[in-house]
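Structural characterization, general
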Amino acid sequence: MLPKYKRVLVKLSGESLMGSNSYGLDPAVIEQYSRDIKEIADLGVQVAVVIGGGNIYRGMNEAETGIERAHGDYMGMLATVINGMALQAMLEKVGVFTRLQSAIKMEQIAEPYIRRRAIRHVEKGRVVIFGAGTGNPYFTTDTAGSLRAIEIQADVILKGTRVDGIYTADPEKDPTAKKYDTITFNECIQNDLRVMDMTAFTLCKENNLPIIVFDMNKPGNLMKVVCGERVGTLVKG
Ligand code: UDP
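Below, the structure is looked at part by part. Just so you know, these numbers come straight off a predicted model, no measurement behind them. (Residues numbered from 1 in each chain as written. Predicted model: local features only at pLDDT ≥ 70, side-chain atom pairs only at ≥ 80, totals over all residues. Heavy atoms only, no water.)

With respect to the overall build of the chain
The criterion, for reference: Counting from the N terminus, the helices are DSSP H or I runs at least four residues long and the strands are E runs at least two residues long. What the globule rule says is 2.2 Å times the number of residues to the power 0.38, and the radius of gyration is computed from C-alpha atoms. Residue exposure (1.4 Å probe, protein chains only): buried if accessible area is under 20% of the type maximum, exposed if over 50%, otherwise partly exposed. In this analysis, two residues are considered to be in contact whenever any of their non-hydrogen atoms come within 4.5 Å of each other.
Helix and strand content of the chain: 8 helices and 9 strands. Relative to the 2.2 N^0.38 estimate, which gives 18 Å for 237 residues, the radius of gyration of the chain is 17 Å and therefore close to what a compact globule would have. By residue count, 50% of the 237 residues in the chain fall in the buried class. Taking all contacts inside the chain whose residues are at least 6 apart in sequence as the whole, residues at least 24 apart take part in 71%.

Structural notes on the packing of helix 1 (residues 27-42) against helix 3 (residues 69-93)
Convention followed: In this description, a line fitted to the C-alpha atoms serves as the axis of each element, helices being fitted only across the stretch in contact, and the angle between N-to-C directions of two axes falls anywhere from 0 to 180 degrees. For this classification, under 35 degrees means roughly parallel, over 145 means roughly antiparallel, 65 to 115 means roughly perpendicular, and everything else is oblique. Crossing handedness is read from the near helix: turned anticlockwise from the far helix by less than a right angle, it gives a left-handed crossing, and turned clockwise, a right-handed one. All residues other than Ala, Val, Leu, Ile, Met, Phe, Trp, Tyr, Cys, Pro, Asp, Glu, Lys and Arg, Gly among them, are scored as polar; the first ten of these are nonpolar and the last four charged.
At a minimum axis distance of 9 Å, the contact between helix 1 and helix 3 shows a crossing angle of 60 degrees. With respect to each other, helix 1 and helix 3 are oriented oblique. By crossing handedness, the relation of helix 1 to helix 3 is classed as right-handed. Touching Pro27, Ile30, Glu31, Ser34 and Ile37 of helix 1 are Ala86, Leu87, Met90 and Leu91, all from helix 3. For the contact of helix 1 with helix 3, the class distribution of residues is 7 nonpolar, 1 polar and 1 charged.

A word on the packing of helix 5 (residues 141-151) against helix 7 (residues 198-206)
In the contact formed by helix 5 and helix 7, the axes pass within 7 Å of each other and the chain directions differ by 20 degrees. Considered as vectors, helix 5 and helix 7 are oriented roughly parallel to each other. Of the two elements, helix 5 crosses helix 7, and the hand of that crossing is left-handed. Mapping the contact onto sequence places Asp142, Thr143, Ser146, Leu147 and Ile150 in helix 5 and Thr199, Ala200, Leu203 and Cys204 in helix 7. In the contact of helix 5 with helix 7, the residues fall into 5 nonpolar, 3 polar and 1 charged.

Some points on the sheet that holds strand 3 (residues 98-102)
Threshold: Two strands form a pair only when DSSP identifies at least two bridges running between them.
On the basis of which strands lie adjacent, the open sheet formed by 9 strands has the order 4-3-5-2-1-6-8-9-7 and mixed pairing. Unpaired on one side and paired on the other, strand 4 (111-112) and strand 7 (182-184) mark the two borders of the sheet. With 2 bridges joining them, strand 3 and strand 4 adopt parallel strand pairing. By the bridge assignment, Gln101 is partnered in strand 4 with Glu111. Strands in contact with helix 1 are strand 1 (7-12), strand 2 (46-51) and strand 5 (127-131); relative to strand 2, the strand with the most contacts, it is inclined by about 155 degrees. Contacting strand 1, strand 2, strand 3 and strand 5, helix 3 runs over the sheet at an angle of about 170 degrees to strand 3.

Description of the pattern of salt bridges
Put simply, the test is: Salt bridges are identified by distance alone: a Lys or Arg side-chain nitrogen within 4 Å of an Asp or Glu carboxyl oxygen.
This model, assessed by the stated rule, comprises 15 salt bridges. For the salt bridge of Glu123 with Arg7, the shortest nitrogen-to-oxygen distance reads 3.8 Å. Of this pair, Glu123 sits in helix 4 (residues 115-123) while Arg7 sits in strand 1, placing them 116 residues apart in sequence. Looking at Glu123, the relative accessible area reads 43%, which means it is partly exposed. With relative accessibility at 9%, the residue Arg7 sits in the buried group. With a shortest N-O distance of 3.1 Å, Asp42 and Lys38 are connected by a salt bridge.

What follows is the structure in C-alpha cells.
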C-alpha cells in the first residue's frame, strides 16, 4: 500500500486509553495503538503523536474541586505525560524508535519541546510523542495537536476517537444521524458540529490543515486512513 501522507500528527484522547476501564490505562488498548502506529511508520510515514490526559485527570470546575483552574490544568498536563510514557514504552516494545518531548520541562524523563528537533526526529523515522499539551493552562490537547501539527508542517491531523466520523447529529442519540465522508470547515461551523474545541478548530481552519476524524479502536483503521481509504470524516477547506 502507498501512503497518501508523508507526515501526520495523530491525536489520541486520554479517555480512549481507558478501554473498558473507568479510569487509567488499558494495556491492550495501548498495545493496539502502538501496533497500528508501527504499521504506518514501517510504511515510511513520519509520525508525531499528541496524547490527552482525561483518563487520569482533567482540569475541572474550581467550585467542584476546590482546586484553582490553572492549577488543575497543570495537573491535567502532567497526566498527559504519564500517558505519553506508557505509549512510548509500548511503542519501543513493539520495535518503534521514539522520543518523548514535553512542553513542561522534566529532563529526567522527556526532552524539552524543541520544534526543529522534533522535525529532525520524525525525519529520521522516530515517532515523536508530544506530552504536556501546549504547556499552558486553559487549553486542551486538541489545541496542542493542531498547534504541533502546524509547527512541524504535518500534512494532516488524524483525530482518533471512539466514533467512526462526524455525523449530522449524535449517532448514539439519533438513529437517523448520517455520517459525512467529507465536510468543509465552514460547513462544520454552519451546522454547529463540534469536531474539536473552537481554539483547536480555528487553528486548523486558519492554517488550512485538514483533519480526519476516525475510529482508532478498530485495528488497521489508521493504516487505511493514511493510505487515503474512505474511513472516518475528512474536514478540509
Ligand atoms: N491541559 C491544559 N493545557 C493543554 C493541554 C491540556 O491545561 O495545552 C489540561 C486540561 O486541564 C485538560 C487536561 O490537561 O483537561 C487533559 O487534557 P484533555 O482534556 O485535552 O485530554 P483528553 O480529552 O484528550 O483526554
